[in-house]
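# Architecture at a glance
Listed here are the chains, written in short residue letters.
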Amino acid sequence: MTMNDDTPTVELPGDVHWLDTCFPMDRQHHHISPYLLDGPDGSVLIEAGSMVHQDQLIERIEAHAGPGGIDAAILSHYDLPHVSNARAFRETWEFDLYTSFSGTSANPETLGMGPSTGCMHDETREICGRTFTFPWPPLVDAAHTMWVYDHDAKAMFTGDMGHYHESTDCRTVVDGAAEPVSVDAIRAYNEDALPFVKFLDPEKMRDAFAEIRSAYDIEIWAPVHGNPIVGNGPIEAYHERYVEAIEATHDAAWSGSD
Amino acid sequence: MSDGLREDPPDWYDPDRLVHVCNNAYLIVGDETLLYDTVSPGAREQLMDGLDEVLGERGLDYIVPSHPEAPHAGNANALLRRYPDATLLSSAYGRGEELYYLDQGRHVEAGETLDLGGYTVEFLRAAFPDTAFHIWMKEHTSNTLFTADWMGAPHVDGECLLFSDELDSPLSPAQILEFQARALRWLQYCDPEPVFETIDDLIETHDPDIVCPAHGTVYREDATGYMERMKTVIEMITTGERLAELK
């Protein structure tokens, strides 16, 4: 599904709205895209996006949620492209902030984001009338990263695991009708953003992805750094391509093939 | 600490002493001065006081965040305000530097050297990174390797600012694992052989006398022995259970 209109968000199943915002590079584009969820008790923002999109995000969130903005935000980790708007958003709207329990020498208050509620891995919480669990992620850069699973939409929000996209696919939702994400788009993203991927064992990653699909009923795979994938089949196919991309990087690094 | 450690405490763990994890920056003072890493904003005052004490009226010439996470780059802007003539040097290895405010500095690549007058630093591609824009460094005069998140380890109350060889009990692979498995979560899913090869290559290429991690005590005796022992740490991580969050 490709949307070329100028609606403030791209609609996904289960009252999940994709705030598609991407960063153009030489040939491909790089998503840094939060998600907005409508709950019975308010709007929940997953991730805060990049500072280059700050004004645009405030405008689009208010266009969807009204001038009062969001009621809660959940941040997967404290990397700048994920949190750099948190302070500006808090100066704009009043909302509750939920973050990963850090255990590191950084925490949201120290970083100027104000008070927050720390969430533990595998913990389940009600936020704005929706139910969230924070799974252990199998692919992260920052150690304290948590993924976010929304039980209502069966959506898994995946922090840094992602892929690039072509300039024609900025608003594309990858479902059964859309072209699948290519191995090359995943590999190019990984090699830029996750420089440790060359060390990963592809089979361990295949098992890890299967384990998370087994533990959670997932209908929407929602990366911050990529187009969302909708449907069990496309999600499983995406994971298989992700493993292929990891394998290609691993083999190129250690066996001299490409 | 995790509940598992409390229930089955290893030799190095003393329930009466708090466990600490370092957040280190390293200052090299030659004719010019360079700060590798900037520590967390939570330690900003301590960092600035320390720099005042060592530098006095001298300026800071170079600021090098090892990578753009808050505990490593979180004081870069504050330092640039305090030392407006300083040059920010950041890793060339990543895309989208604007997203990290890294476009305001100069990018350095592996092999580039900087003569500080009395000390010479060489920038190295980080062998074991987590994020993009990661850079390691070697100082040639002292033969010191600066390894960011690699080779960090916890210590206990009363051991702050000691060297690894001065700790009450020698650093064991199990103690190093407590930090390393949590800091580089990808190690749990790694293929150990390329990691071992990379460790061998680091030892052969650099043979450092001193290893300075950002999150652990400095190794100034048997540094390469500890690098070898990281293979045991990796074996333990890849065959063991995932460690819970520190709390």
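Described in the following lines is the structure provided in the data block. The shown structure was predicted, so the numbers you read here are calculated from the model rather than taken from an experiment. (Residues numbered from 1 in each chain as written. Chains lettered and ligands numbered in written order. Predicted model: local features only at pLDDT ≥ 70, side-chain atom pairs only at ≥ 80, totals over all residues. Heavy atoms only, no water.)

## Digging into the overall build of chain B
Selection criterion: Strands here mean DSSP runs of E at least two residues long; helices mean DSSP runs of H or I at least four residues long; both are numbered from the N terminus. In this description the radius of gyration comes from C-alpha coordinates, and the expected globular size is given by 2.2 Å times residues to the power 0.38. Remark: exposure states derive from per-residue accessible area (1.4 Å probe, protein chains only) relative to the maximum for the residue type, with buried under 20%, exposed over 50%, and partly exposed in between. Two residues qualify as a contact provided that any one of their heavy atoms is within 4.5 Å of a heavy atom in the partner residue. Values of accessible area rely on a 1.4 Å probe in the Shrake-Rupley scheme; residue burial ignores everything except the protein chains shown.
Secondary structure assignment for chain B yields 7 helices and 12 strands. Against the globule reference of 18 Å for 247 residues, chain B gives a C-alpha radius of gyration of 18 Å, in line with a compact fold. In terms of overall dimensions, chain B has C-alpha extents of about 50 × 40 × 35 Å along its principal axes. For chain B, the proportion of its 247 residues judged to be buried stands at 56%. Considering only intrachain contacts with a sequence separation of at least 6, the fraction spanning at least 24 residues in chain B is 69%. Only carbon and sulfur atoms are counted for the fraction: they give 45% of the accessible area of chain B, which is about 10300 Å².

## So, the pattern of salt bridges
Residue and element names in this part refer to chain B. This is how it is decided: A pair is scored as a salt bridge if a Lys or Arg side-chain nitrogen falls within 4 Å of a carboxyl oxygen belonging to Asp or Glu.
Under the counting rule described, the total for this entry stands at 19 salt bridges over all chains. We note a salt bridge from D52 to R82, for which the minimum N-O separation is 2.7 Å. Of this pair, D52 sits in helix α2 (residues 44-55) while R82 is found in helix α4 (residues 76-82), placing the two residues 30 residues apart along the sequence. Among the residues examined, D52 registers a relative accessible area of 33% and is labelled partly exposed. Among the residues examined, R82 registers a relative accessible area of 39% and is labelled partly exposed. One salt bridge in this structure joins K231 and E228, with 3.3 Å as the shortest N-O distance. With K231 and E228 both in helix α7 (residues 223-239) and 3 residues apart, this pair spans about one turn of that helix. Accessibility expressed as a relative area gives 17% for K231, which makes it buried. Look at E228 and you get partly exposed, because its relative accessible area is 39%.

## Examining the environment of H140 of chain B
Residue and element names in this part refer to chain B. Stated precisely, the cut-off is as follows: A 3.5 Å cut-off defines polar contacts: any pair of N or O atoms within that distance qualifies, except that in protein one atom must be a possible hydrogen donor and the other a possible acceptor, and neighbouring residues in sequence count only when both atoms are side-chain atoms.
Note that H140 resides in the loop between β9 (135-139) and β10 (144-146). Residue H140 is classed as partly exposed on the basis of its relative accessible area of 36%. Sequence separation of H140 and V121 is 19 residues, and the distance between their C-alpha atoms is 6.2 Å. In this structure H140 touches T120 and E122, once residues within four positions along its chain are discounted. Polar contacts involving the side chain of H140 include one to the side chain of E122, which spans 2.7 Å.

## Quick notes on the sheet that holds strand β4 (residues 62-64) of chain B
Strands belonging to one sheet form pairs held by backbone hydrogen bonds; the direction of such a pair is parallel or antiparallel. All names here are of chain B. Filter applied, for reference: Strands are treated as partners if at least two bridges between them are detected by DSSP. Angles here are taken between N-to-C directions and fall from 0 to 180 degrees, while the axes themselves are lines fitted to C-alpha atoms, restricted in helices to the stretch in contact.
In space, the 5 strands of this open sheet follow the order β2-β3-β4-β5-β6, with mixed pairing throughout. With one partner strand each, in any of the chains shown, β2 (26-29) and β6 (106-108) form the two edges of the open sheet. Adjacent strand axes in the sheet meet at a mean angle of 25°, parallel and antiparallel pairs treated alike. Here 3 bridges tie strand β3 (residues 33-36) to β4, and the two strands are oriented parallel to one another. The residue of β4 that forms the bridge with Y36 is V64. Against the sheet, α2 engages β2 and β3, with an angle of about 15° to β2.

On their own, these measurements won't tell you what the molecule is for.
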